[in-house]
Amino acid sequence: MSPASTGASTIVGAVPSLPSVPASSVPAPDSRMTPGGPGYRRMSFALFLAGVATFALLYSTQALLPLISGDFGVAASQASWTVAAATGGLALFVLPMSALSERYGRRTVMTASLGVAVGVGLLVPFAPSLGTLVVLRAVQGAALAGLPASATAYLAEEVRPKALVTAIGLFVAGNSVGGMSGRVITGWVAQEWGWRVAVGAIGVLAVACAIAFRLLLPAPRHFKAGSLAPRVLVRTVRTHLADPLLCRLYAIGALFMTVFGGVYTVIGYRLTEAPFSLPQGIVGSIFLVYLVGTVSASTAGRLVGRLGRRGALYLAGGTTAAGLLVSLADSLVPVLLGLVLITAGFFAGHAVASSAVSRTATTGRAQASALYQSAYYIGASAGSTVGAIAFHAGGWAGTVGVGVLAVLGVVTITVFGTRAARRQTLVAAH
């Protein structure tokens, strides 16, 4: 029989040919960034600086509220609007800004947002009245809306999934450093030269962070431009709001921030009054406890790895509640311990919830993150306003009461989520 009829090779010793594998069936290597890989450190540091600038600007007046109250002759509930207006502006504009980032790119929108916010920050010290100051702060918050959702969407696209919680934790850690440095700097500067020079110093700090951020952040490699059509945005938002898990995460973010916003809006008033009567510089230094938040946020990935997402949320909520109760003491040491626990619990819970949003949403990540950020900063505005009103009505115990109710909400939602997950597992098993 001829070689042709048997299929044998006419070449002695030839290796039998193997079936060809279509190129499309071979998975492409994952080119997204991972810890230790190219560009990861630059990216992490750039977004860390963006987080520093965002929180330093957003809460630049919070530690200064007693001085602002004295300068303009207003009560704590009125002065607190300089914080609520900024967080409220961010909450209102974060969704439209996320849509712009889908069309024009994450890095472009983050750069423009930070630039505008820094520019407004340099005008804030010259506000002639409380009304003008509140308006400028609202504009500043609206400008900053381009940062949080775009940053988490950028990370979800450019970082491998297993490293996402850690990467977002580092961004949140930048938030904590920004919040801390802003309050510490303003406290000491204001003690010597007044609140206007203090917020001006934060503006200069933010300029430096913005320049370094733009120089360091790697160009996106996995971004795909989306549509700006309103119907597309509405459809995407509706899809996210129909997802029970995402809605629970949004509510958890809002409730955690209600606690945090209320506590840190009012704490300056409490510590400058009897029995503490601390000077402004010392009150500003109290915010060094934010360093605890830096650690808890950056280790959120390991926490989730050990306890799972819901276990980490239970621990964060319990830690926050314990801090609130400890802070009721009329002695400085327990108050500081309470702030440490509140800060650690809040930043851990925020890092876990925000990273879970990025992993849950497979499409429209910027909108999913924007909805989380919107809920989060609505909680901040509500917390700062309601916390101040509660403090005026019932002292520190009133503010703590608001916080405890918010933590109970976090625990209740997490319990509901745990039961829903168990039901889904049982249904799938049958």
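Anything mentioned here points back to the structure above.
Residues numbered from 1 in each chain as written. Predicted model: local features only at pLDDT ≥ 70, side-chain atom pairs only at ≥ 80, totals over all residues. Heavy atoms only, no water.

## Focus on the overall build of the chain
Using the following cut-off: Numbering of helices and strands runs from the N terminus, with a helix taken as a DSSP run of H or I at least four residues long and a strand as a DSSP run of E at least two residues long. Working definition: with a 1.4 Å probe on protein chains only, accessible area under 20% of the residue-type maximum means buried, over 50% means exposed, and in between means partly exposed. Residue contacts are counted whenever heavy atoms from the two residues lie within 4.5 Å of one another. The Shrake-Rupley method, run with a 1.4 Å probe sphere, supplies the accessible areas, and residue values consider only the shown protein chains as cover.
A tally of regular secondary structure across the chain gives 17 helices and zero strands. Projected onto the principal axes, the alpha-carbon positions of the chain cover approximately 110 × 50 × 40 Å. Within the span of the chain, comprising 430 residues, buried residues form 53% of the whole. Taking contacts inside the chain between residues at least 6 apart in sequence as the whole, the part at least 24 apart equals 83%. Carbon and sulfur atoms make up 68% of the accessible area of the chain, which amounts to about 18100 Å² in all.

## With respect to unusual backbone geometry
With omega at 5°, the peptide bond leading from A274 into P275 counts as cis. Along the polypeptide, P275 turns up in the loop between α12 (244–272) and α13 (280–285). Positioned with a positive phi, S277 is a non-glycine residue whose angle comes to about 50°. When you line up the elements, S277 lands in the loop between α12 and α13. Accessibility expressed as a relative area gives 48% for S277, which makes it partly exposed.

## Observations regarding the environment of I68
Within the secondary structure, I68 sits in helix α3 (residues 65–72). The contact partners of I68, leaving out residues within four places of it in the chain, are T61, G73, V74, A79, T82, L130, L133 and W195.

## Thoughts on the packing of α12 against helix α15 (residues 300–326)
Our working definition: An axis is simply a line fitted to the C-alpha atoms; with a helix, the fit covers only the stretch in contact. Between two such axes, the angle follows the N-to-C directions and lies from 0 to 180 degrees. For classification purposes, an angle smaller than 35 degrees is called roughly parallel, one larger than 145 roughly antiparallel, one from 65 to 115 roughly perpendicular, and anything else oblique. In this scheme the crossing of two helices becomes right-handed for a clockwise turn of the near helix relative to the far one and left-handed for an anticlockwise turn of less than a right angle. Classification used: nonpolar for Ala, Val, Leu, Ile, Met, Phe, Trp, Tyr, Cys and Pro, charged for Asp, Glu, Lys and Arg, polar for all others including Gly.
Running from N to C, α12 and α15 cross one another at 20°; their axes reach a closest spacing of 12 Å. In terms of their interaxial angle, α12 and α15 are classed as roughly parallel. As α12 packs across α15, the resulting crossing turns out to be left-handed. Between α12 and α15, the contacting residues are L245, L249, I252, F256, V259 and V263 on the first element and R309, L313, A316, G317, T320 and L324 on the second. Of the residues in the contact of α12 with α15, the class split is nine nonpolar, two polar and one charged.

## Quick notes on the layout of surface pockets
So the rule is basically this: Grid points spaced at 1 Å and placed over the protein atoms alone form the basis of the search, with a cavity being a set where a 1.4 Å probe fits but cannot get out and a pocket an open set showing protein on both sides within 12 Å along at least five of seven lines. Lining residues have an atom within 4 Å of a point. Grid points are joined across faces, edges and corners, and a volume is the space filled by probe spheres set on the points.
Taken as a whole, the second largest pocket encloses approximately 210 Å³ of empty space. Surrounding the second largest pocket, 14 residues form its lining, V165, V304, R309, S355 and R359 being those nearest its centre. With five residues, the top contributor of residues to the lining of the second largest pocket is helix α16 (residues 332–360). Split into classes, the residues belonging to the lining of the second largest pocket amount to six nonpolar, five polar and three charged.

## Looking at the side chain of T320
Where we set the bar: Two N or O atoms form a polar contact when they lie within 3.5 Å of each other; inside protein one atom must be a possible hydrogen donor and the other a possible acceptor, and for residues adjacent in sequence the pair counts only when both atoms belong to side chains.
Locating T320 in the fold gives a position in helix α15. At 2.8 Å, the side chain of T320 forms a polar contact with the backbone oxygen of A316. There is a polar contact of 3.5 Å between the side chain of T320 and the backbone nitrogen of F346. When residues no more than four places from it in sequence are discounted, the contact partners of T320 are F256, V259, L341, I342, G345, F346 and V407.

## A closer look at the pattern of salt bridges
Pairs may arise between side chains of opposite charge once their charged atoms sit close together. Defined as follows: For this document, the term salt bridge refers to a Lys or Arg side-chain nitrogen within 4 Å of an Asp or Glu carboxyl oxygen.
Taken as a whole and judged by the stated rule, the model has three salt bridges. A salt bridge links D71 to R196; the nearest nitrogen and oxygen atoms lie 3.7 Å apart. Here D71, found in helix α3, pairs with R196, found in helix α10 (residues 195–216); they are 125 residues apart in sequence, far enough to count as distant. You can call R196 partly exposed: its relative accessible area is 28%. The salt bridge partner of D330 is R270, with a shortest N-O separation of 3.4 Å. Of this pair, D330 sits in the loop between α15 and α16 while R270 sits in helix α12, and the two are 60 residues apart along the sequence.

## What about the side chain of T258?
The topology assignment puts T258 in helix α12. Under the relative-accessibility criterion, T258 is labelled buried at 15%. A polar contact is formed between the side chain of T258 and the backbone oxygen of A254, at a distance of 2.8 Å. Aside from chain neighbours lying at most four places away, what touches T258 is G379, G383, V402 and A406.

## A closer look at the packing of helix α2 (residues 40–58) against helix α7 (residues 130–144)
α7 packs onto α2 with a crossing angle of 160° between their chain directions and a minimal axis gap of 10 Å. Looking at the two axes, α2 sits roughly antiparallel to α7. Viewed along their axes, α2 and α7 form a crossing whose handedness is left-handed. Contacts from T54, L57 and L58 in α2 reach R137, Q140, G141 and L144 in α7.

## Things to note about empty space enclosed by the protein
Over the atoms rolls a probe the size of a water molecule, and in doing so it shows where empty space is left. Under the counting rule described, the total for this entry stands at two cavities of 30 Å³ or more. The computed volume of the largest cavity comes to approximately 80 Å³. Elements that contribute at least two residues to the lining of the largest cavity include exactly α12, α15 and α17 (365–429). With four residues, the single largest contributor to the lining of the largest cavity is α12. When the residues that make up the lining of the largest cavity are grouped by side-chain class, the tally is five nonpolar, two polar and three charged. Approximately 70 Å³ is the volume found for the second largest cavity. Lining the second largest cavity, in full, are T54, F55, P148, T152, F171, V172, N175, H350, S354, Q373, Y376 and Y377. Sorting the residues of the lining of the second largest cavity by element identifies α2, α8 (148–158), α9 (164–193), α16 and α17 as the ones contributing at least two each.

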